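# Working through the structure, step by step
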Amino acid sequence: MQGMGSFNVVTPSAPTQLAVETISLADMNLANLVLHVVTVDGVITWRQQVKLPAQGAPETSAFGQAMAMTDSTLVIGAARSGALSGVVYIFARNGANWVEQTKLYAMDGDLAGRGFGSAVAIFGDVVAVGAPNDDRMGANTGAVYVFNRSGSNWYPQGKVVISNGRAGDLFGSAVSVYGTTVLVGAPGRNSAYVFTRDSRNQWGLQSTISRGGLFGTAVALKGAQAYIGAPGYSNQGVVFVFNMSLDPVKQTQVWTLAQTLMTTSEMQAGNGDLFGSSLAFDGNRLVVGAPGYNGVYNGSVYYEIGSAWVFEMTGWTLEARLTTYDALPESEAQSNVLSGHHFGASVAISGNYVLVGAPDFDQVSMDQGAVYLFAYLPAANGVAGTWARSGRLVSNA
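Here the residue numbering is sequential within each chain, running from 1 through the sequence in written order. Local features in a predicted model are, by the rule used here, given only for residues with pLDDT of at least 70; side-chain atom pairs are given and counted only at 80 or more, and totals for whole chains, interfaces and linings are based on all residues. Each side-chain value is worked out from all heavy atoms of the structure, with water and hydrogens disregarded.

### Description of the overall build of the protein chain
On a plain count of helices and strands, the protein chain comes out with one helix and 29 strands. Looking at the protein chain as a whole, 51% of its 397 residues qualify as buried. What makes two residues a contact is simply this: any of their non-hydrogen atoms within 4.5 Å. Taking contacts inside the protein chain between residues at least 6 apart in sequence as the whole, the part at least 24 apart equals 47%. Residue exposure ignores everything except the shown protein chains as possible cover, and the areas themselves are Shrake-Rupley values with a 1.4 Å probe. Total accessible area computed for the protein chain in this model is approximately 15,900 Å², and 50% of it derives from carbon and sulfur atoms. Counting from the N terminus, the helices are the DSSP runs of H or I reaching at least four residues and the strands are the DSSP runs of E reaching at least two. Between buried and exposed lies partly exposed: a residue is buried under 20% and exposed over 50% of the maximum accessible area for its type, with that area taken using a 1.4 Å probe on protein chains only.

Shown next, in the form of structure tokens:
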């Protein structure tokens with residue numbers, strides 16, 4: 001499983017639809033790849049509701065490598081074999097079902113837009129699609145394609161690139177949309193770029209933010225605040241938080257560093273954690289994935305188990321560290337200490353629910369992948385609130 005961008009819990013009490021995908025990387029060219037939609041009933045029971053097959057693109061693989069979702073629209077990225085660019089599927093909710101609405105392709109042909117569908121984002125009627133391997137300006141320079149919905153139809157709005165792009169930038173590896181602003185990560189250049197849409201529907205570069213350590217691997221945008229992951233920074237990874245203001249004279253955007261989030265040895269973190277590889281926020285919480293995290297259990301080190309960290313955004317305090325085995329009974333914990341599964345490669349949050357992807361989880365097959373589900377249990381009867389693991393989803397296809 002790759003790039004689980006977001007999911008949505010409609011209400012905390014009613015049955016809820018959410019979309020996740022697990023995929024065997026050893027079987028990337030299977031003709032029939034499906035997305036599994038499941039329904040949650042309370043905290044513990046998760047059951048499959050329906051499968052969404054990838055129709056009409058026979059060379060499609062890695063269906064579900066990137067996803068984004070609103071209440072009524074589901075956006076799914078997929079690769080295509082060979083040197084072709086990918087495809088993005090748009091599904092619309094129809095009651096309890098999801099109906100394919102259209103497919104999106106790179107508007108300038110298959111040989112451009114390589115990696116199209118590696119990252120996706122949606123806000124309202126705007127979808128942004130990352131193509132980090134686009135090579136029109138050099139190998140793996142990258143690009144982002146923007147589409148706009150009118151009624152039930154989707155139209156290309158433009159291709160966003162940087163004028164001084166160069167080989168290896170990987171521009172479009174991560175993308176986020178909020179209102180008329182698109183935030184794009186280019187970890188090959190240790191940069192993130194802010195574009196805004198004008199009254200003519202043209203996307204123009206407003207700001208460039210740069211650091212180091214694969215800065216731009218993950219991005220998230222919430223109003224005038226940007227969260228940018230740099231999993232190679234300071235050996236273990238950092239998330240940078242920036243606030244935007246307007247220059248009163250030039251009337252241009254100014255992005256100022258407001259907070260730096262990183263783990264410490266007191267949090268049982270260490271070098272190579274890749275903290276900041278994935279990001280997701282909702283309300284007042286930010287979830288950060290660290291798929292390189294080495295876990296210690298019963299005195300033994302298990303490498304690259306992975307972890308996810310939940311921060312409360314008002315005071316930037318750590319609320320929880322999530323792993324595959326914490327808070328489980330002793331009889332279950334040992335079997336869930338799984339080296340090399342890279343738990344935290346993708347994260348999503350909605351309200352009191354968190355999803356964490358482990359793309360290299362092994363069960364039926366190698367690298368089958370899994371999604372772990374956590375629910376926040378509020379404080380009650382003098383007991384502090386806590387996060388509890390409520391299930392694990394794997395593909396049964």
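Now that the structure is up, let's keep going.
### A closer look at the pairing of strand 11 (residues 153–160)
Pairing of strand 10 (residues 143–150) with strand 11 involves seven bridges; the strand directions are antiparallel. Bridge pairing links Ser150 to Asn153 in strand 11. Linking strand 10 to strand 11, which pair antiparallel, is a turn of two residues; within it Gly151 sits at a positive phi near 70°. By definition, two strands form a pair when at least two bridges between them are found by DSSP.

### Some remarks on the sheet that holds strand 21 (residues 285–290)
Taking strand neighbours across the sheet as the criterion, the four strands line up as 20-21-24-25 in an open arrangement whose pairing is antiparallel. This sheet does not close on itself; its edge strands, each paired only once, are strand 20 (278–282) and strand 25 (317–322). When the angles between neighbouring strand axes are averaged without regard to direction, this sheet yields 20°. Where strand 21 meets strand 24 (residues 307–312), six bridges bridge the pair, whose relative direction is antiparallel. Its bridge partner being in strand 24, Val287 is matched across the sheet by Val310. Between the N-to-C directions of two axes lies an angle of 0 to 180 degrees, each axis being a line fitted to C-alpha atoms and, for a helix, fitted only over the stretch in contact.

### Some points on the sheet that holds strand 18 (residues 238–246)
With antiparallel pairing, four strands are arranged side by side in an open sheet as 16-17-18-19. One side of each edge strand has no neighbouring strand; the edge strands of this open sheet are strand 16 (218–222) and strand 19 (253–261). The sheet shows a mean angle of 20° between the axes of neighbouring strands, direction not considered. Where strand 16 and strand 17 (residues 225–230) come together, five bridges link them in antiparallel fashion. In the sheet register, Lys222 faces strand 17, and the bridge partner there is Gln225.

### A word on the nonpolar core
Most often, soluble globular proteins have nonpolar side chains that are buried together. Nonpolar cores were defined as sets of buried Ala, Val, Leu, Ile, Met, Phe, Trp, Tyr and Cys residues, with membership established by side-chain atoms within 4.5 Å. With 24 residues, the main nonpolar core has Tyr227, Leu261, Phe275, Leu286 and Trp316 as its most contacted residues. Elements with a minimum of two residues in this core: strand 16, strand 18, strand 21 and strand 24. Looking at this core element by element, the count peaks at three residues for strand 21. In contact with Leu286, other than residues within four places in its own chain, are Tyr227, Val239, Leu261, Ala280, Phe281, Trp309, Val310, Phe311, Met313 and Trp316.

### Considerations on the pairing of strand 16
With respect to burial, strand 16 is a largely interior element, four of its five residues being buried. The turn linking strand 16 back onto strand 17 is made up of two residues, and Gly223 within it adopts a positive phi angle of 60°.

### Here's the deal with a nonpolar patch on the surface
For patch detection, residues must exceed 30% relative accessible area and be free of salt bridges, and they are connected within 9 Å for like charges or within 5 Å for nonpolar side chains (Val, Leu, Ile, Met, Phe, Trp, Tyr). Here, a salt bridge means any side-chain nitrogen of Lys or Arg that lies within 4 Å of a carboxyl oxygen of Asp or Glu. On the surface, Val296, Val301 and Tyr303 cluster together to form a nonpolar patch covering roughly 300 Å² of accessible area. With respect to the helices and strands, the residue Val296 is situated in strand 22 (residues 295–297). Judged by its relative accessible area of 46%, Val296 is partly exposed.

### A look at the packing of aromatic side chains
Each Phe, Tyr or Trp ring (for Trp, its six-membered ring) is paired with any other whose centre lies within 6.5 Å, and the angle between the two planes then decides the class: stacked below 30 degrees, edge-to-face above 60, tilted in between. Applying the stated criterion across every chain yields a total of 19 aromatic pairs. Taking the centre distance of 5.6 Å and the plane angle of 65° together, the rings of Phe215 and Phe240 count as edge-to-face. Placement of the pair is Phe215 in the loop between strand 15 (203–210) and strand 16 and Phe240 in strand 18, with a sequence separation of 25 residues. An angle of 75° between the planes, with centres 6.5 Å apart, marks the rings of Phe275 and Trp309 as edge-to-face. Taken together, the residues Phe275 in the loop between strand 19 and strand 20 and Trp309 in strand 24 connect sequence positions 34 residues apart.

### Topic: the pattern of salt bridges
This model, assessed by the stated rule, comprises nine salt bridges. One salt bridge connects Lys159 with Asp134, and the closest N-O pair in it is separated by 2.9 Å. On the criterion of sequence distance, the pair formed by Lys159 in strand 11 and Asp134 in the loop between strand 9 (126–131) and strand 10 is long-range, its members being 25 residues apart. The class of Asp134 is buried, set by a relative accessible area of 2%.

### Focus on the environment of Thr196
By the secondary structure assignment, Thr196 is in strand 14 (residues 191–197). Accessibility expressed as a relative area gives 16% for Thr196, which makes it buried. C-alpha separation for the pair Thr196 and Val182, spaced 14 residues apart in sequence, amounts to 6.3 Å. When near neighbours in sequence (up to four residues on either side) are disregarded, Thr196 contacts Thr180, Thr181, Gln202, Trp203, Gly204, Gln206 and Gln253.

### Overview of the environment of Ala143
Relative to the elements of secondary structure, Ala143 occurs in strand 10. In this structure Ala143 comes out as buried when scored by relative accessible area, which is 0%. In this structure, Ala143 is in contact with Val129, Gly130, Ala131, Pro132, Asp134, Lys159, Val160, Val161, Phe171 and Gly172, ignoring residues within four places of it in sequence.

### Things to note about the confidence of the model for the protein chain
As a note on interpretation, predicted positions should not be read in detail where pLDDT is low. The pLDDT score gives, residue by residue, the confidence of the prediction method on a 0 to 100 scale. Chain-level pLDDT for the protein chain is 82 on average; 81% of the residues reach the 70-or-more range. Throughout residues 1–35 the model reports pLDDT below 50, and contacts reaching past four residues in sequence, or to other chains, amount to 130 contacts. Across residues 39–45, confidence stays below pLDDT 50; counting only partners more than four residues off in sequence or on other chains, it has 17 contacts.

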